[in-house]
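Structural characterization, general
The chain contents come next:
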Amino acid sequence: SMQDLADMWIHESFCTYTESLYAERMYGKEVAINYLKAQRIRMSHDEPIVGEFGINQEGSGDMYNKGAWMLHTIRNVVANDSLWFKALKEFALDFKLRSTNSKEVLAWFESKLGENVKILMERYLFSASIPVLEYKEKKGLWRKSIEYRWKNEDDRFKLPISFEDKKQSKILTPSKKWKSIRVSSFNGMRERLSWKFALYDIERAAVK
């Protein structure tokens, strides 16, 4: 259990995440993704998931759906279901008979899945916003491309993005600096920068 009400996410994020895992187990991955998409539209991004400590205060109600999406995102960053589900089971067993807190839980996941997982969890837990992937279209004589970057993230933030082009998926590794990739067209860019596997928003850069 949590030591402070501010850490209620430790209960609710994992509990809500299991709903999509149940849907996946019973009905397949596409149904689970649709279930997650329904959770996504109910996020408010009003305040951080983790509340203020020492005053008996919960964090945002986003601890449910945003918390579930945080775990879904990390699953896809780890990209190894055997390792991911092994970690979830060990987490439940290691913490089942004691109280804990965010600091201890994040350190545990860092020890099992690496520093980047801890950094991602901190980003989703302690900020009300979600990452924004900014892009702009570039059209040359013989080719089209997009430039993309994380709008407000620092160099520590590393979240791979799946991009679909001509029925093929490519993995992009955005940073705070502009990067470029050739594309077949600009159609449906928001859908092709797939939201199935990670929690972030997409924004087309204003043309100056």
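Okay, so let's go over this structure. Because the structure is a prediction, the values reported are computed rather than measured. (Residues numbered from 1 in each chain as written. Predicted model: local features only at pLDDT ≥ 70, side-chain atom pairs only at ≥ 80, totals over all residues. Heavy atoms only, no water.)

Moving on, we come to the overall build of the chain. From N to C terminus, the chain includes seven helices and six strands. Listing every helix and strand of the chain by position from the N terminus yields α-α-α-α-α-α-β-β-β-β-β-α-β. For the chain, the C-alpha radius of gyration of 18 Å lies close to 17 Å, the compact-globule estimate for 208 residues. Taken over the C-alpha atoms alone, the chain extends approximately 65 × 40 × 30 Å along its principal axes. The burial tally for the chain puts 44% of its 208 residues in the buried class. Counting only contacts in the chain whose residues sit at least 6 apart along the sequence, the fraction spanning at least 24 positions is 63%. Taken as a whole, the chain presents about 11600 Å² of accessible surface, with 51% of it coming from carbon and sulfur. Computing the positive centroid from 36 side-chain charges and the negative centroid from 29, the chain places the two 10 Å apart. (Helix = DSSP H or I, 4+ residues; strand = E, 2+ residues; numbered from the N terminus. Rg over C-alpha atoms; globule rule 2.2 N^0.38 Å. Buried < 20%, exposed > 50% of the residue type's maximum accessible area, 1.4 Å probe, protein only. Contact = heavy atoms within 4.5 Å. Areas by Shrake-Rupley, 256 points an atom, 1.4 Å probe, with all protein chains shown as cover. Lys, Arg positive; Asp, Glu negative; His and termini not counted. Charge placed at Lys NZ, Arg CZ, Asp CG, Glu CD.)

Residues Trp9, Phe109, Met121 and Leu193 are the most contacted members of the largest nonpolar core, which totals 54 residues. By residue number, the principal contributor to this core is helix α3 (residues 65–78), which donates six residues. In this structure Leu193 touches Leu133, Tyr135, Ile161, Ser162, Phe163, Leu172, Tyr200 and Ile202, once residues within four positions along its chain are discounted. (Core = buried A, V, L, I, M, F, W, Y, C linked by side-chain atoms within 4.5 Å.)

In this structure the tally under the stated criterion is 15 salt bridges. Across the salt bridge formed by Glu90 and Lys86, the nearest N and O atoms sit 2.6 Å from each other. On the criterion of helical spacing, the pair formed by Glu90 and Lys86 is a turn pair, its members being four residues apart in helix α4 (residues 81–95). Here Lys112 ties to Glu90 by a salt bridge, and the two come within 3.4 Å at their closest N and O atoms. Residue Lys112 is located in helix α5 (residues 102–113), and its partner Glu90 is located in helix α4; the two are separated by 22 residues in the primary sequence. Lys112 sits in the partly exposed class, given a relative accessible area of 37%. Residue class for Glu90 comes out partly exposed when judged on its relative accessible area of 22%. When salt bridges with common partners are traced through the structure, they connect Glu24, Arg75 and Asp81 into a single cluster. (Salt bridge = Lys/Arg side-chain N within 4 Å of Asp/Glu carboxyl O.)

As for its position among the elements, Leu83 is in helix α4. Since its relative accessible area comes to 37%, Leu83 is described here as partly exposed. It is 41 Å that separates the C-alpha atoms of Leu83 and Ala206, two residues lying 123 residues apart in sequence. Non-local contacts of Leu83, meaning those with residues more than four positions away in its chain, are made with Val78 and Leu113.

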